[in-house]
Amino acid sequence: MTKLTVIHMDQGDRLLLYQLFWHYYRGDLMKLTTIDWANLAELLRTMTVLCESEFGNQAITKFDEVSEETLESFVFDYNRLFVGPNRLHASPYESTYSNFEGTIMQQETIKVRNFYHYEGLQVADEGQYPDDHIQYELEFICYLLNQNEKGPDLKLFLENHFFKWVDKHCERIEEHSQNQLTLAFAYLLKEFLQLEKIIIEGGEPNVN
Amino acid sequence: MDQTYSITRHVCPRNCYSTCSILGYTKNGHLQKVTGDHKHGYTKGLLCAKGYNYINNVYHPDRLKYPMRQYPRGSGQWQRISWTEAIDIIAGKIIELNHRYESNLSLALNKYSGNMGILHHAMEGFFNGLGKTSRAVGNPCWSPGMDAVYYDYGEHQTSDMQDILHSETIILWGINPVWTSIHSLNYIYEALRRGAKVITIDPVYTETAKKSDTYIQIKPGSDGALATAIAKYILEHDLFDREFIDQYTVGWEELRDYIDQLSMEEALNQCGQTIEAIQFLAERLAKHRPVYIWMGFGMQRHRNGGQNIRAINALAAMTGNIGRQGSGAQFGQRATWKFTYHILNPFPDDKRNKAGVRPLDINDFANDLQKQQDPPVKFLWITCRNLLTQSANVEELKKALQTLELIVTVEHFMTETTQYSDLVLPATTQFEEWDIVASYWHHWISINQPAIEPYYESKSELEIARLLSKKLNEYKDHFSAFPTDMEDEQFIEQEFTDEFYQALHIKDWRELLNGPRRVDVQKTAWGTMEFKTPSGKIELFSKQALDNQLSPFGMGLMENGSNPLFPYILLLNHEPFRINSQFQNLTSFKKISREPCIYLHPLLAKEKGIQRYSMMKVVSEKGEITIRANFSTDLNQQTLVIFPNHPLVNKLISFTAADMGKVMTSGKGNALNDLHVNITKLC
Ligand code: SF4
């Protein structure tokens with residue numbers, strides 16, 4: 001095993017990445033152009049630790065190489081994976097991965113909701129949209145990350161929720177993705193998750 | 001955070017005997033559990049497995065969330081659109097077609113019984129409000145029986161199920177309540193405890209048959225022949241109720257002469273019974289009264305389906321088993337549906353644009369869609385049904401759909417039908433909307449109030465109709481007559497009259513929020529012995545039937561419908577955990593039945609060299625399918641069974657008109673259970 005010097009990402013980069021995923025899962029990035037994606041690749045390249053990782057690097061390359069064709073099928077693939085109307089290939093709800101029936105809005109969702117409530121937050125139109133959709137979890141993480149004193153809460157939330165299922169979610173994307181952009185995001189998220197786990201849990205990175 | 005539950009009232013709006021009242025328990029905007037409603041006098045606080053699973057249905061991750069557009073149709077490329085965009089696309093198309101054809105006849109609606117709530121008539125109301133449009137009419141379920149009951153009694157009544165406690169004999173004729181109507185079982189068991197005997201007559205040795213005192217295995221579709229054989233025996237042994245017949249029926253002499261000429265041997269042969277079985281049934285009917293007969297829907301999905309029901313009705317009448325406590329020939333009722341149906345009738349004010357319907361037979365929809373060319377249908381709205389899994393001639397239907405320019409489907413989940421649509425609109429469930437629902441079996445009316453916010457961007461059908469109407473009227477004043485400014489509650493309010501309130505013993509519909517109410521109809525069907533037939537009596541000889549080119553008698557033998565190329569009958573029976581294609585995707589139910597299969601007797605399988613769980617071929621005149629074989633000794637060796645919850649079986653089905661249905665439902669029923677097939681092993 002190679003001994004690596006772990007370079008942690010700084011708070012700003014972490015926040016930026018969480019925000020990036022948040023926007024992605026909110027569907028805000030559907031209309032970006034090839035130039036926008038190349039710009040994103042450039043920005044991500046400034047994060048050494050990402051560039052040097054296997055999947056981070058692959059993701060960045062994919063962003064760089066986005067073609068018009070990729071953009072054309074991006075929205076359909078995104079919908080196929082996360083929105084519907086067909087059965088979701090990579091459900092973006094925590095409860096899909098934790099509930100026995102795969103039913104959403106169950107105890108698992110309510111636990112997430114309770115966490116938000118504990119912090120004095122609430123999903124707009126609560127009850128209409130499941131609280132454990134990844135975009136809300138990401139937004140919540142950004143909120144906690146922004147405030148230094150919320151460190152322990154963030155750790156608790158990540159460990160009890162986000163870390164518990166997002167790996168599996170990424171696996172499903174990798175399995176079903178038919179588009180370079182959705183795949184790039186899965187790679188990026190997967191890699192980022194590893195780095196976050198190191199920061200939060202103080203563990204070793206995955207090195208083969 | 002609020003720690004208390006709010007409790008709301010709901011109704012299961014599925015096409016099911018029970019029409020259960022449901023209580024929803026919601027905490028912080030989240031529906032946490034559902035239970036039955038003890039205040040419901042028929043279902044008494046119980047649901048079925050489907051009902052208890054509603055939470056998994058409401059919060060199913062695959063539920064439709066946003067309006068989606070598929071382009072091109074069938075490509076699987078779905079784009080999320082806003083409601084504004086969806087309504088614009090639909091309204092734009094309606095207007096374009098109106099200009100092109102100078103009428104709205106190219107617009108068609110195909111709605112069925114996926115949701116039986118009164119407010120779910122909103123789309124019919126919306127279409128009516130556009131003037132003359134095209135419409136799927138008729139009924140795939142019960143039309144022959146409805147006509148039959150109409151010819152015999154003039155209207156549709158059932159008894160309260162409590163009535164069965166006074167019965168000495170209960171005949172469950174072609175009905176399997178253990179699977180399809182569990183709430184009736186408490187009553188049947190109580191009747192048993194009080195000494196009644198239960199007889200099940202069915203082509204399948206059902207779970208109900210297994211719990212009965214006697215089981216008669218009948219050949220599919222021969223119910224009328226069995227009734228005729230019993231009637232003949234009764235005549236020959238003077239077991240009929242002369243007094244009852246004289247007082248309450250017409251046509252007895254004619255019927256008697258007619259039955260006299262029929263051959264007992266032929267009758268026995270047709271229904272596959274011995275004379276001992278006939279004697280047993282005749283004596284139960286004549287000597288162990290009152291006799292309560294419950295007729296299921298399967299037996300009327302035959303070419304002679306209406307006649308089957310009429311024959312049993314006549315049998316009940318000649319033995320005096322009608323209108324007396326604990327007796328009756330029960331089928332289905334409409335007596336409690338006393339709504340005004342104003343929601344259906346927002347007719348356009350513009351006299352040039354008169355309301356009306358260009359009918360497309362719901363049972364022959366594929367052909368009718370192609371037949372109507374002046375103008376052709378170009379726009380189809382599908383709601384409350386899964387058209388492609390529940391239609392005949394499905395390949396023709398798919399072709400016909402290709403000629404349409406816009407297909408809109410309102411749904412909770414993706415189905416075979418939505419895959420063939422351009423727009424899919426997410427609908428609310430009964431936990432997210434107002435409604436009011438009556439039953440075709442019992443006599444209770446229940447209210448449905450919203451418990452939770454609409455899931456994601458789903459909307460009620462009523463709301464969709466309002467939005468669309470508003471948009472169209474922005475384009476042209478009075479284009480659509482469907483009200484745009486009435487609240488849901490106002491729609492409910494206008495469905496009630498003072499007379500209806502009196503029958504419910506309430507003053508305002510909001511009192512239903514305190515619990516369901518029984519409509520004050522007779523506890524025993526036809527207890528007053530008043531019949532709404534032309535003669536005012538039970539018509540054993542029906543001139544109305546004769547005028548409609550039918551046999552005037554309720555009795556008769558079958559014409560030979562056998563076909564040596566297709567020697568077996570395939571029955572489409574219901575299963576306990578689904579209603580056709582509904583409840584398909586619940587994880588736990590999926591584990592129970594993983595893939596479609598066909599049931600056949602092991603001896604038949606042996607004869608054909610078919611192994612259990614192997615794939616086999618089923619061929620009908622219409623087409624062929626490959627399906628997994630499963631064995632069942634509950635069938636005879638000429639009968640097979642499939643549960644029609646998947647699109648596979650549709651490949652075998654065409655439209656075979658049943659004898660009746662036109663009077664009550666504007667179209668003949670489809671003889672779905674006259675499905676003649678042949679089978680082979682897969683080489
Ligand atoms: S499916 Fe029938 S029995 Fe089950 S809950 Fe609905 S109405 Fe009741």
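Residues numbered from 1 in each chain as written. Chains lettered and ligands numbered in written order. Predicted model: local features only at pLDDT ≥ 70, side-chain atom pairs only at ≥ 80, totals over all residues. Heavy atoms only, no water.

Asks: What's the story with the overall build of chain A in this structure? I'm lost.
Replies: In terms of regular secondary structure, chain A is built from 10 helices and 0 strands. Along chain A, helices and strands appear, N-terminal first, in the series α-α-α-α-α-α-α-α-α-α. Its C-alpha atoms give chain A a radius of gyration of 17 Å, near enough to 17 Å, the size a compact globule of 208 residues would have. With respect to the principal axes defined by its C-alpha atoms, chain A has extents near 40 × 40 × 30 Å. Within the span of chain A, comprising 208 residues, buried residues form 57% of the whole. Restricting to contacts in chain A with at least 6 residues of sequence separation, those with at least 24 account for 68%. For chain A, the centre of its 17 positive side-chain charges and the centre of its 34 negative side-chain charges are spaced 5 Å apart. (Helix = DSSP H or I, 4+ residues; strand = E, 2+ residues; numbered from the N terminus. Rg over C-alpha atoms; globule rule 2.2 N^0.38 Å. Buried < 20%, exposed > 50% of the residue type's maximum accessible area, 1.4 Å probe, protein only. Contact = heavy atoms within 4.5 Å. Lys, Arg positive; Asp, Glu negative; His and termini not counted. Charge placed at Lys NZ, Arg CZ, Asp CG, Glu CD.)

Asks: Looking at this structure, how should I read the nonpolar core?
Replies: Soluble globular proteins: nonpolar side chains tend toward being buried together. Judged by nonpolar contacts, the single largest core of 163 residues is most densely connected at Trp173 and Trp381 of chain B. For this core, the domains that each give at least three residues are domain 1 (1-141 + 354-500) and domain 2 (159-331) of chain B. Leu15, Phe140 and Cys170 of chain A together with Trp78 of chain B belong to the second-largest nonpolar core, a separate cluster that totals 94 residues. (Core = buried A, V, L, I, M, F, W, Y, C linked by side-chain atoms within 4.5 Å. Domains from an automatic or database assignment.)

Asks: Would you explain the domain arrangement of chain B in this entry?
Replies: It is common to give the size of an interface as the accessible area lost on bringing the parts into contact. Residues and elements named next belong to chain B. Each assigned domain of chain B is listed here: domain 1 (1-141 + 354-500), domain 2 (159-331) and domain 3 (568-681). Taking only C-alpha atoms into account, the centre of domain 1 sits 38 Å from that of domain 2. Domain 1 puts 16 residues into the contact, and the matching count from domain 2 is 21 residues. Note on domain 1 versus domain 2: buried area summed over both sides is about 1400 Å², and carbon and sulfur give 53% of it. The largest per-residue losses of area from domain 1 upon contact with domain 2 belong to Tyr17, Tyr42 and Trp441, which jointly make up 47% of the total buried on that side. Here domain 1 is connected to domain 2 by 0 salt bridges. Our enumeration of links across domain 1 and domain 2 arrives at 8 residue pairs in polar contact (both at pLDDT 80 or more). When its residues are assigned to classes, the side of domain 1 that touches domain 2 shows 11 nonpolar, 4 polar and 1 charged. (Buried area = accessible area lost by both parts, 1.4 Å probe. Salt bridge = Lys/Arg side-chain N within 4 Å of Asp/Glu carboxyl O. Polar contact = N/O pair within 3.5 Å; in protein donor to acceptor, adjacent residues only side chain to side chain. Nonpolar A, V, L, I, M, F, W, Y, C, P; charged D, E, K, R; others polar.)

Asks: Explain the layout of surface pockets here, please?
Replies: Once rolled over the atoms, a probe with the size of a water molecule shows which space is left empty. Residues and elements named next belong to chain B. By volume, the second largest pocket is sized at about 1300 Å³. Grouping the constituent residues of the lining of the second largest pocket by class yields 19 nonpolar, 18 polar and 8 charged. Two domains each put at least three residues into the lining of the second largest pocket: domain 1 (1-141 + 354-500) and domain 3 (568-681). (1 Å grid on protein atoms, 1.4 Å probe; cavity = no way out; pocket = protein on both sides within 12 Å on 5 of 7 lines; lining within 4 Å. Points joined across faces, edges and corners; volume = space filled by probe spheres on them.)

Asks: How should I be thinking about the environment of Leu406 of chain B in this particular structure?
Replies: Residues and elements named next belong to chain B. Looking at where Leu406 falls in the secondary structure, it is placed in strand 16 (residues 406-411). For the pair formed by Leu406 and Arg73, sequence separation is 333 residues and the distance between their alpha carbons is 9.3 Å. Look past the residues within four positions of Leu406 in its chain and what remains in contact with it is Arg73, Ile89, Ile90, Lys93, Lys378, Phe379, Leu380, Asp422 and Leu423.

Asks: What is the right way to read the sheet that holds strand 1 (residues 6-11) of chain B from this model?
Replies: Hydrogen bonds along the backbone pair up the strands of a sheet, which may run parallel or antiparallel. Residue and element names in this part refer to chain B. Strand order in this open sheet of 3 strands is 1-2-3, and the pairing throughout is antiparallel. What marks the edges here is a single partner per strand, and that holds for strand 1 and strand 3 (30-36). Averaged over all neighbouring strand pairs, the angle between strand axes comes to 30°, with direction disregarded. Inspection of the sheet shows strand 2 (residues 21-27) paired to strand 3 by 6 bridges, in the antiparallel sense. Considered in strand 3, the bridge of Ile22 is made with Gly36. (Pairing = 2+ DSSP bridges. Axes fitted to C-alpha atoms, helices over the stretch in contact; angles between N-to-C directions.)

Asks: How should I be thinking about the sheet that holds strand 18 (residues 435-437) of chain B in this particular structure?
Replies: All names here are of chain B. Strand order in the open sheet made by the 3 strands is 18-19-20, with antiparallel pairing throughout. Sheet topology places strand 18 and strand 20 (517-518) at the edges, where each strand pairs with a single neighbour. Taken together, the 2 bridges between strand 19 (residues 444-448) and strand 20 define a ladder with antiparallel strand orientation. Bridge pairing links Trp444 to Arg518 in strand 20.

Asks: Sorry, what's going on with the site of the ligand here?
Replies: Taken together, the residues surrounding the ligand are Cys12, Cys16, Ser18, Thr19, Cys20, Cys48, Lys50, Gly51, His183 and Ile579 of chain B. Taken together, the residues of the shell around the ligand break down into 5 nonpolar, 4 polar and 1 charged. (Near = heavy atom within 4 Å.)

Asks: Sorry, what's going on with the packing of aromatic side chains here?
Replies: Where two aromatic rings form a pair, the distance of their centres and the angle of their planes describe that pair. Enumeration over the complete set of coordinates arrives at 62 aromatic pairs over all chains. Ring geometry for Phe115 of chain A and Phe140 of chain A: centres 5.8 Å apart, planes at 70°, overall edge-to-face. A residue pair is termed long-range when its members are at least 10 positions apart, and Phe115 of chain A in helix 7 (residues 107-118) and Phe140 of chain A in helix 8 (residues 134-145) qualify at 25 residues. The exposure classification of Phe115 of chain A matches that of Phe140 of chain A, with both residues buried. Three or more aromatic residues joined by ring pairs make a cluster, and in this case those are Tyr18, Phe21, Tyr24, Tyr25, Trp37, Phe63, Phe74, Tyr78, Phe82, Phe162, Phe185 and Phe192 of chain A. The residue whose ring lies beneath Arg80 of chain B is Tyr66 of chain B, and the NZ or CZ to ring-centre distance is 3.6 Å. Directly above the ring of Tyr205 of chain B sits Lys210 of chain B, whose terminal nitrogen or CZ lies 5.4 Å from the centroid. (Phe/Tyr/Trp six-rings, centres within 6.5 Å; stacked < 30°, edge-to-face > 60°. Lys NZ or Arg CZ within 6 Å of the ring centre and 35° of its normal.)

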